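Read off the chains here:
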Amino acid sequence: MPAMNADETAPSPTSRPPRRSRSGRGAWLHRVSAAVVFAACVTSATSVSQHLARARVHAGTAIPGRMVDLGGFRIHMLEAGHAHRGGGPTVVLEPGGSGTAATWQHVVREVGEHAYVIAYDLAGHGFSDDHREVRDNTRVAIDLYGMLKADGVPGPYILVGHSLGGAYVRTFASLYPEEVGGMVLVDSSHSDQVERSFRRKVPVRILDSGDRLSSMLDSDHARVLSAVVLEVVDAARVARAEA
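Residues numbered from 1 in each chain as written. Predicted model: local features only at pLDDT ≥ 70, side-chain atom pairs only at ≥ 80, totals over all residues. Heavy atoms only, no water.

Novice: So what about the pairing of strand S5 (residues 157-162)? Which residues, and what values?
Specialist: Counting buried positions along S5 gives six out of six residues, so the element sits mostly inside the fold. Direction of pairing for S5 relative to strand S6 (residues 180-186): parallel, over a ladder of six bridges. Counted as the bridge partner of Val-160 is Val-184 from S6. Note on the crossover from S5 through helix H4 (residues 164-175) to S6: the handedness is right-handed. (Buried < 20%, exposed > 50% of the residue type's maximum accessible area, 1.4 Å probe, protein only. Helix = DSSP H or I, 4+ residues; strand = E, 2+ residues; numbered from the N terminus. Pairing = 2+ DSSP bridges. Right-handed = clockwise from strand over helix to strand, strands pointing away.)

Structure below.
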């Protein structure tokens, strides 16, 4: 066995070899792989929540809110502020891609004290039926418009979109501009961000973190967001009165 110099340190038998830094293509593939794994975890969690919602239905548990029939499938909707229905703009809360109406429960309560407000589950999420069609921005906007008209929800609509919901409400506004009285974007996605990310070879961030989503479940954060929404409602009421 060769002798060691006095200034050499014997490696610990439990020490790990130094990690090689990733750069270039290897680093990009690593980050994209991490994003894909995270996306799979988010999808799995969403699937579990959907199964739990379905289980509650089959068990005969009362569904909060009500179901709106769109002819072939139903959309689950929560609402508040009935006293204000028809008296001004209606606030429509659009969840993120894996969100449901429950995400907005505190905002619904706060805004409902001053305006008519609704939140709903996307098709195939929460208590809503799945129509088995590809869910792109246009399909979501069409479903939302169909739900609003089927239930007779009066406009104009103040659209509030969180994350991917921001892209959904922007598409809705482009398809039905005469129906929209205002918009609030909460940590919104861009409608082309996934395509642009891959074109530029930039890793896709499916969600920044759970903190932003959970913050809307917190009553204090919901109160701040609701105040912003109500400012837009007031501005829409003024514009309507001056028209």
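Novice: Residue-level account of H4, with values.
Specialist: With twelve residues, H4 should reach 16 Å at 1.5 Å per residue; the first-to-last C-alpha distance of 17 Å fits that figure. Residues Gly-165, Gly-166, Ala-167, Tyr-168, Val-169, Thr-171, Phe-172 and Ala-173 constitute the buried set of H4. Check the buried side of H4 and you find it contacts strand S3 (90-94), helix H3 (137-150), S5 and S6. (Expected span 1.5 Å × (residues − 1). Contact = heavy atoms within 4.5 Å.)

Novice: Residue-level account of the packing of H3 against H4, with values.
Specialist: Across the interface, H3 lies against H4 with an axial gap of 8 Å and an inter-helix angle of 70°. Classified by the angle between their axes, H3 and H4 sit roughly perpendicular to one another. Two packed elements cross with a definite hand, and for H3 against H4 that hand is right-handed. Contacts between H3 and H4 involve Asn-137, Thr-138, Val-140, Ala-141, Leu-144, Tyr-145 and Leu-148 on the former and, on the latter, Ala-167, Tyr-168, Thr-171, Phe-172 and Leu-175. Across the contact of H3 with H4, the residue classes tally to nine nonpolar, three polar and no charged. (Axes fitted to C-alpha atoms, helices over the stretch in contact; angles between N-to-C directions. Parallel < 35°, antiparallel > 145°, perpendicular 65-115°, else oblique. Left-handed = near helix turned anticlockwise from the far one by under 90°. Nonpolar A, V, L, I, M, F, W, Y, C, P; charged D, E, K, R; others polar.)

Novice: Explain the confidence of the model for the protein chain residue by residue, including any values.
Specialist: The predicted model of the protein chain has a mean per-residue pLDDT of 74, with 63% of residues at 70 or higher. Note that residues 19-59 has pLDDT below 50 and, in this model, 32 contacts with residues that lie over four places away or in other chains. Counted against residues more than four places away or in other chains, residues 202-211, with its pLDDT under 50, gives 16 contacts. (pLDDT = per-residue confidence, 0-100.)

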